[in-house]
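Secondary and tertiary structure notes
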Amino acid sequence: MAITFLFCLFLARLFYIQAIWEQELVYKAVDQWTREIPVTASRGKIFDRNGVLLAGNKSAYSVYARANAVKDAEAEAQTLSALLNLSYDQVYQKLSDKSKSEILIAKKTDKDTVRGIEGLDLAGIYYSRDNTRVYPYGELASQVLGFTSYDQSGTTGVEQYYNKFLAGQNGEILFETDLVGVGIEGAPAAYLPATDGLNVTLTLDYRIQSFAEEVMRRAMESSNAKAARCIVLDPNDFSVLAMVNLPSYDLNDIPRDDISVLNALSRNGVVSDIYEPGSTFKIITAAANIQEYLNGNPNAFSNKYVFNSSRTRTIEGSKISCWSDHANGKHSNETLAEALNNSCNPCFVDIALALGTEKFYDYLESFRFGRASGIDFSGEAIGMLLPEGTVKNSELARIGFGQTIAVTALQLACACASAVNGGYYYAPRLVSEIYSDDNLVREKLDKKLLARTVNEEASHILSSMLEGVVRDGSGKKAYVEGYRVAGKTGTAQKYENGVIAEGKYISSFIGYFPANAPKYLALVIVDEPQGSYYGSTVAAPCAKEIFEGIIGMMQIPPVGED
């Protein structure tokens, strides 16, 4: 019985070694009898929509040692420490550590240094080609592009989101060795080639991005602001043409030694930070009202309807006032177009309350507030939208003019683009296609319709009103002579610890052109400007500059000359 048991045990062990343990044993044998030199894959490049290189590579080299093959550790450590500018003790310790098959001596070594090492024919020392990520334009779109870790893996931004395409797959060269790891002279080498990463084409336009950054940097410096952000969209497909976050940093000089600074500077606030939009949100309230009027809703206001001229509204004990004192007949007997021109809060309180919570929330949800926009970028915030069942009338009234709701700049830009492009809400995109070095397109990211928000008639009516805001109202400083620009200003108070922060504002403007067929939409945000803080005086001029820059770049003729 015992013999039978031992025999079965022996058979079971034999089966385990041959069938189950086989691959691991083969790997260990190959590892023992071979020396591997890694072949690093070239990381895919990132280009703008016109083929301008925004992220590329330059060759560097890693130096390795196989301690078992080193003949004179002291002499080689002396040589290598001098050539590589490393500590002699550290290098000697690595060359003497025979417990490891390979050990890294240095990374990111330049070609001339490696040539010097190669010419010395040091025993047990070898090198492999590596890559260093290079960003030709330094700070340009740094929060969008992101950066890689020391091992060239994407850490933030597009580098991280599309890492599986950009990274490629490393290969290796295998040399036969004896038991102590010394290469066998004349033995053939096995070469497993690396597979280079795929290239990525962004929707960003380098020219628009660069110009928008310049405009926003001047605005931030002249107003001594805390931060400045901007997004430029194509309203026809929601491709992102520019995305600006200031202050910024140089991607070729990443502050890796200060994590808090790096996290702050590398954060894409356009996508990840939320704020109360203030009066720019009135575009959404007006769009919902116009659509409901066209639908025959008796509670909706038409542009012929005259709003209550009172300066204030009191809702559930909460008093809401217009920024104007209404003296000398100001803001009296306003139409919807005039309410937009004058940015009169009480009028939008009336609209929100007249539509009611259920109907207004239907529109907020169709404009995708309170959820992700669908952009191809990690870390997107969903904003803050009170649950419909908990909303009081006083809160609904404030949502109507952009308070008691928090959004990202991206959410607001996409919602407004949908309101004026005929009511089409697309998934915003930063990448248009992915392709290999032989120009074979592996993946094409076409526009994707997510929702219908309003119909084309409502969109057209709204756009004509917003054109009036720039022509006759608070957005005059965004007007470009000879071009049909439309938009809306916003000035929002900031909150700290749940209360209004005295003297702290966010100035903003969202606009687009041509008003009758939108092609370029820009949202400009200046955070905590000092001195003048109104969106009409701080943000609107920035949008005008950006639009003028685009007009010059694209050689867009004035109205009547096309």
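As the structure is a prediction and not an experimental result, all values here were calculated from the model.

Let us look at unusual backbone geometry. A cis geometry characterises the amide bond from L246 onward to P247, with omega recorded as 5 degrees. Structurally, the position occupied by P247 is in the loop between β10 (239-246) and α10 (259-266). Cis geometry marks the peptide bond from F513 to P514; its omega dihedral reads -15 degrees. You can see P514 is positioned in the loop between β20 (499-513) and β21 (520-527). Phi angles above zero are rare outside glycine, and Q152 is one such case at about 70 degrees. Within the secondary structure layout, Q152 lies in the loop between α6 (142-145) and α7 (157-161).

Okay, the pairing of strand β16 (residues 431-435) next. Among the 5 residues of β16, 4 are classified as buried, and the element is accordingly described as predominantly covered. Examined bridge by bridge, strand β8 (residues 199-202) and β16 share 4 bridges and lie antiparallel to one another. From the neighbouring strand, V200 faces β16, where its bridge partner is I434. Pairing between β16 and strand β17 (residues 441-444): 3 bridges, direction antiparallel. In the strand pairing of β17, E433 is matched with K444. Taking the residues that link successive antiparallel strands as the turn, the β16-β17 hairpin has 5 residues, and the phi of N439 there is positive, at about 70 degrees.

Looking now at the pairing of strand β3 (residues 53-65). Consecutive side chains of a regular strand alternate in pointing toward one face of the sheet and then the other. Looking at chain direction, strand β2 (residues 46-47) and β3 are connected through 2 bridges and run antiparallel. The residue bridging I46 from the neighbouring strand is A55, located in β3. Connecting the antiparallel pair β2 and β3 is a turn made up of 5 residues, with G51 showing a positive phi of about 90 degrees. Examined bridge by bridge, β3 and strand β5 (residues 125-134) share 10 bridges and lie antiparallel to one another. Across the sheet, V63 pairs through a bridge with Y127, a residue of β5.

All right, on to the sheet that holds strand β19 (residues 486-496) then. The strand order across the open sheet formed by 5 strands is β10-β9-β21-β20-β19, and the pairing between neighbours is antiparallel. The open sheet has two edge strands with one neighbour each: β10 and β19. Each neighbouring strand pair of the sheet contributes to a mean axis angle of 10 degrees, computed without reference to strand direction. Pairing of strand β9 (residues 227-234) with β10 involves 7 bridges; the strand directions are antiparallel. Within β10, the residue paired with L233 across the bridge is V240. In this fold helix α9 (residues 206-222) packs onto β9, β10 and β21, with an angle of close to 30 degrees to the strand it touches most, β10. Contacts from helix α18 (residues 456-472) reach β19 and β20 within the one sheet, and its direction differs from that of β19 by about 75 degrees.

On to the environment of E338. For E338, the position within the fold is in helix α13 (residues 336-342). E338 gets classed as partly exposed once you look at its relative accessible area, which sits at 34%.

Our next topic: the environment of Y275. Tracing the backbone through its elements, the reader meets Y275 in strand β11 (residues 274-275). Taking the C-alpha atoms as reference points, Y275 and T408, separated by 133 residues in sequence, lie 6.5 Å from one another. Excluding anything up to four places from it in sequence, Y275 contacts I405, A406, V407, T408, A409, L412, I506, L523 and I525.

Within the secondary structure, N245 is located in strand β10. Leaving out residues up to four positions away in the same chain, N245 has contacts with Q143, A228, R229, R267, N268, G269 and V270.

Quick look at helix α14 (residues 345-355) now. Most of α14 is tucked away: 9 of the 11 residues are buried. Those residues of α14 lying buried are N345, P346, C347, F348, V349, D350, I351, A352 and L355. Packed against the buried residues of α14 are α12 (282-294), β12 (312-315), β13 (318-321), α13, α15 (357-366) and α16 (393-399). G356 sits one or two residues past α14 and shows a positive phi near 85 degrees.

Put simply, α9 and helix α20 (residues 540-554) touch, their axes get as near as 10 Å, and they point 155 degrees apart. Relative to α20, the element α9 lies roughly antiparallel. Here α9 runs over α20; the crossing is right-handed. Residue-level inspection shows R207, I208, F211, A212, V215, M216, R218 and A219 of α9 in contact with α20, the latter providing C542, E545, I546, G549, I550, M553 and M554. When its residues are assigned to classes, the contact of α9 with α20 shows 11 nonpolar, 1 polar and 3 charged.

On to the environment of I375. Relative to the assigned elements, I375 resides in the loop between α15 and α16. The exposure class assigned to I375 is buried, which follows from its relative accessible area of 5%. Taking the C-alpha atoms as reference points, I375 and F238, separated by 137 residues in sequence, lie 9.5 Å from one another. When near neighbours in sequence (up to four residues on either side) are disregarded, I375 contacts Y161, V240, M243, V271, E380, L410, P428 and L430.

In this section: a negative patch on the surface. Where like charges cluster on the molecular surface, the negative patch consists of E358, D362, E365 and E388. Residue classification places E388 among the partly exposed positions, given a relative accessible area of 31%.

The next thing to look at is the packing of aromatic side chains. In total, this model carries 12 aromatic pairs according to the counting rule given. Taking 5.4 Å as the distance between ring centres and 65 degrees as the angle between the ring planes, the aromatic pair formed by F238 and Y425 counts as edge-to-face. In this pair, F238 is assigned in the loop between β9 and β10 and Y425 in strand β15 (residues 424-426), connecting sequence segments 187 residues apart. Exposure class is identical for F238 and Y425. Each is buried. Linked through ring pairs, F238, Y424, Y425 and Y426 together constitute an aromatic cluster.

Scoring rules and cut-offs
- Residues numbered from 1 in each chain as written.
- Predicted model: local features only at pLDDT ≥ 70, side-chain atom pairs only at ≥ 80, totals over all residues.
- Heavy atoms only, no water.
- Helix = DSSP H or I, 4+ residues; strand = E, 2+ residues; numbered from the N terminus.
- Buried < 20%, exposed > 50% of the residue type's maximum accessible area, 1.4 Å probe, protein only.
- Pairing = 2+ DSSP bridges.
- Axes fitted to C-alpha atoms, helices over the stretch in contact; angles between N-to-C directions.
- Contact = heavy atoms within 4.5 Å.
- Parallel < 35°, antiparallel > 145°, perpendicular 65-115°, else oblique.
- Left-handed = near helix turned anticlockwise from the far one by under 90°.
- Nonpolar A, V, L, I, M, F, W, Y, C, P; charged D, E, K, R; others polar.
- Patch = residues over 30% accessible without salt bridge, like charges linked within 9 Å, V, L, I, M, F, W, Y side chains within 5 Å.
- Areas by Shrake-Rupley, 256 points an atom, 1.4 Å probe, with all protein chains shown as cover.
- Salt bridge = Lys/Arg side-chain N within 4 Å of Asp/Glu carboxyl O.
- Lys, Arg positive; Asp, Glu negative; His and termini not counted.
- Charge placed at Lys NZ, Arg CZ, Asp CG, Glu CD.
- Phe/Tyr/Trp six-rings, centres within 6.5 Å; stacked < 30°, edge-to-face > 60°.

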